[in-house]
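Observations on the three-dimensional arrangement
So you can see what is in the structure, the chains are spelled out below.
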Amino acid sequence: MSQPVLAISRRTRSTPYSNRVSECGVKGYTVYNRTLLPTQFRESAEADYWHLREFVQIWDVTCERQVQLQGPDAAKLAQLMTPRSLQKAVVGQGVYAPIVNQDGGMLNDPIILKLAEDKFWLSIADSDLLLWAKGLAYGMNLNVDVTEPDVFPLAVQGPKADDVVAKVFGEQVRDIRFFRFEELEFHGVKMPVARSGWSKQGGFEIYLTDFSLGEALWDALWEAGKEFNVGPGNPNLIERIEGGLFSYGNDFTTENNPLECGIGQYCHLDGDFDFIGKEALLKIREEGVKRRIRGLVIEDELKTACSGLWPVEVDGKFAGNVTSACYSPALKKNIANGMIEIDYCETGQSVTVQTPDGPRQAKICDLPFEVPEL
């Protein structure tokens, strides 16, 4: 059966790199923050996966929109939005931070980049976090401007990423620490270059601030990467599940809190600062979580992609849901993330997954998966 076609229009925002993405033979798109996000380039996601693990890829991730907080109360607003302490964050640092609502439910899990003492970018996952930030600023009468600036991230990911980015931005990029960034120049324009990205293969995210330089930046990185077998790419389902990377909207939603999402270490609930949802998270911690994100290894063949929740059962009783699944070519197994009820979370627990291809036996396991090196 042929797949539906995504109709592209002005409502699906294109990017500075869209022409280059098309020229590279993109096979599909999804829409993320109302922006086009490529989903495949080669004959399969597995082919994209192996190229990412072995070489280097350029990703159009303009869909990672920025929520900018600027003004005297910018730091105050940023801290109100997350249970992670930002008190020791320094200019030039990116901080992974869960954003929660008044009930402790997850609203987003951005990287918060501190560009100045009074200026922050929240590089967001797929949700309308801009509206939440604007509402808080207005309702609390904070002296801060909340905007969505014109920023167009381009990622370079893979084991050869340092070599490629160094040829364009200089050897100093090799000294950028994980989740740190430097303002570097390209064609006379300064832009943050961060050691980060949505893969476990290592690399950078370049926060282009001039739309007109998009194709020139892509071309410069492409030329620099030719000797390293550079190619186009995109966040890869297989690689992210193997690496224990979770997708907001897929693996967790506002119905979940960070304590059950495997990111409780980023919640400083005993800190001497206030944030929206603090009382709710303290209560959840006291009472104990009801479910957790866990890994699963699923037996037998899966023919159907996981595009929705797959119920998990134990002896006919509901035990949670598989939220993302794939076949791991490195492990030669079907693997998955799941939101599993606390009574069935133990490693080695046998469960039944109700898939569109019929029931499949599975076992609960730890994350991330232990993937052999190449």
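Quick look at the structure, then. (Residues numbered from 1 in each chain as written. Predicted model: local features only at pLDDT ≥ 70, side-chain atom pairs only at ≥ 80, totals over all residues. Heavy atoms only, no water.)

Overview of the overall build of the protein chain
Within the protein chain one finds eight helices and 21 strands. Relative to the 2.2 N^0.38 estimate, which gives 21 Å for 374 residues, the radius of gyration of the protein chain is 21 Å and therefore close to what a compact globule would have. The buried share of the protein chain, reckoned over its 374 residues, is 55%. Partitioning the contacts of the protein chain with sequence separation of at least 6, the portion at a separation of at least 24 is 66%. Each charge sign in the protein chain was given a centre, from 38 positive and 53 negative side chains, and these centres are 0 Å apart. (Helix = DSSP H or I, 4+ residues; strand = E, 2+ residues; numbered from the N terminus. Rg over C-alpha atoms; globule rule 2.2 N^0.38 Å. Buried < 20%, exposed > 50% of the residue type's maximum accessible area, 1.4 Å probe, protein only. Contact = heavy atoms within 4.5 Å. Lys, Arg positive; Asp, Glu negative; His and termini not counted. Charge placed at Lys NZ, Arg CZ, Asp CG, Glu CD.)

Let's talk about the nonpolar core
Core analysis: the biggest nonpolar cluster contains 31 residues, and Phe169, Leu217 and Leu221 have the highest contact counts within it. Among the secondary structure elements, those contributing two or more residues to this core are β3 (56-60), β11 (152-157), α5 (161-169), β12 (181-186), β13 (189-194), β14 (203-208) and α6 (214-225). Element by element, the count of residues in this core is highest for α5, at six residues. Aside from chain neighbours lying at most four places away, what touches Leu221 is Ile58, Leu154, Val156, Val164, Val165, Val168 and Ile206. Listed in part, the 27 residues of the second largest apolar core include Ile111, Cys267, Ile284 and Ile293. (Core = buried A, V, L, I, M, F, W, Y, C linked by side-chain atoms within 4.5 Å.)

Description of the sheet that holds strand β10 (residues 145-147)
If you walk across this open sheet you meet the five strands as β5-β8-β9-β4-β10, and the pairing is antiparallel. Two strands lie at the open edges of the sheet, namely β5 (94-96) and β10, each paired on one side alone. The mean inter-strand angle of the sheet, taken between neighbouring strand axes irrespective of direction, is 20°. Pairing analysis gives five bridges linking strand β8 (residues 111-116) to strand β9 (residues 119-123), with the strands arranged antiparallel. Within β9, the position partnered with Ile111 by the bridge is Ser123. Strands β4 (66-70), β9 and β10 of the sheet are contacted by helix α4 (residues 129-139), whose axis makes an angle of about 165° with β10. (Pairing = 2+ DSSP bridges. Axes fitted to C-alpha atoms, helices over the stretch in contact; angles between N-to-C directions.)

A look at α6
The terminal C-alpha atoms of α6 lie 17 Å apart, and with 12 residues this matches the ideal 16 Å at 1.5 Å per residue to within 8%. Those residues of α6 that fall on the buried side of the exposure criterion are Gly214, Leu217, Trp218, Leu221, Ala224 and Gly225. Taken down its axis, α6 places every buried residue within 135° of arc, on the same side. (Expected span 1.5 Å × (residues − 1). Arc of directions from axis to C-beta.)

Describing the sheet that holds β14
Taken together, six strands build an open sheet; the order of strands is β12-β13-β14-β11-β3-β15 and the sheet is mixed. Each edge of the open sheet carries a strand with a single partner, namely β12 and β15 (230-233). Strand-to-strand, the axes of this sheet are offset by a mean angle of 30°, without reference to chain direction. Looking at chain direction, β13 and β14 are connected through two bridges and run antiparallel.

Side note on the pattern of salt bridges
Tallying each qualifying case throughout the model produces 18 salt bridges. One salt bridge connects Arg195 with Asp162, and the closest N-O pair in it is separated by 3.0 Å. Of the two residues, Arg195 sits in the loop between β13 and β14 while Asp162 sits in helix α5, which places them 33 residues apart along the sequence. For Arg195, a relative accessible area of 15% puts it in the buried group. If you follow the salt bridges from partner to partner, you end up with Arg20, Glu23, Glu215 and Asp219 in one network. (Salt bridge = Lys/Arg side-chain N within 4 Å of Asp/Glu carboxyl O.)

Considering the packing of aromatic side chains
Per the counting criterion, the structure on display carries 10 aromatic pairs. Ring geometry for Tyr49 versus Trp50: centroids 4.9 Å apart, planes at 70°, classification edge-to-face. The class for Tyr49 is buried, based on a relative accessible area of 0%. Exposure remark for Trp50: the relative accessible area of 26% places this residue in the partly exposed category. Taking 5.3 Å as the distance between ring centres and 90° as the angle between the ring planes, the aromatic pair formed by Phe152 and Phe211 counts as edge-to-face. In this pair, Phe152 sits in strand β11 while Phe211 sits in the loop between β14 and α6, placing the two residues 59 residues apart along the sequence. Lying across the ring of Phe273, Lys278 places its NZ or CZ 5.8 Å from the centre. (Phe/Tyr/Trp six-rings, centres within 6.5 Å; stacked < 30°, edge-to-face > 60°. Lys NZ or Arg CZ within 6 Å of the ring centre and 35° of its normal.)

Concerning α5
Along α5, the positions that sit buried rather than exposed are Ala161, Val164, Val165, Ala166, Val168 and Phe169. Structurally, α5 contributes buried residues whose contacts are with β3, β11, β12, β13, β14 and α6. Among the residues trailing α5, Gly170 stands out with phi positive, at a value near 105°.

Structural notes on a nonpolar patch on the surface
The grouping of Leu6, Ile8 and Val31 at the surface amounts to a nonpolar patch, some 220 Å² of accessible area in total. When its relative accessible area of 49% is taken as the criterion, Ile8 is described as partly exposed. (Patch = residues over 30% accessible without salt bridge, like charges linked within 9 Å, V, L, I, M, F, W, Y side chains within 5 Å. Areas by Shrake-Rupley, 256 points an atom, 1.4 Å probe, with all protein chains shown as cover.)

A short note on the side chain of Asp48
Here Asp48 shows up in helix α2 (residues 45-54). Among the residues examined, Asp48 registers a relative accessible area of 2% and is labelled buried. In this structure the side chain of Asp48 is engaged in a polar contact, spanning 2.6 Å, whose partner is the side chain of Arg42. If we ignore the near neighbours within four places in the chain, the residues touching Asp48 are Thr39, Gln40, Phe41, Arg42, Gln57, Asn234 and Asn236. (Polar contact = N/O pair within 3.5 Å; in protein donor to acceptor, adjacent residues only side chain to side chain.)

Purely geometric stuff here, so don't read any function into it on its own.
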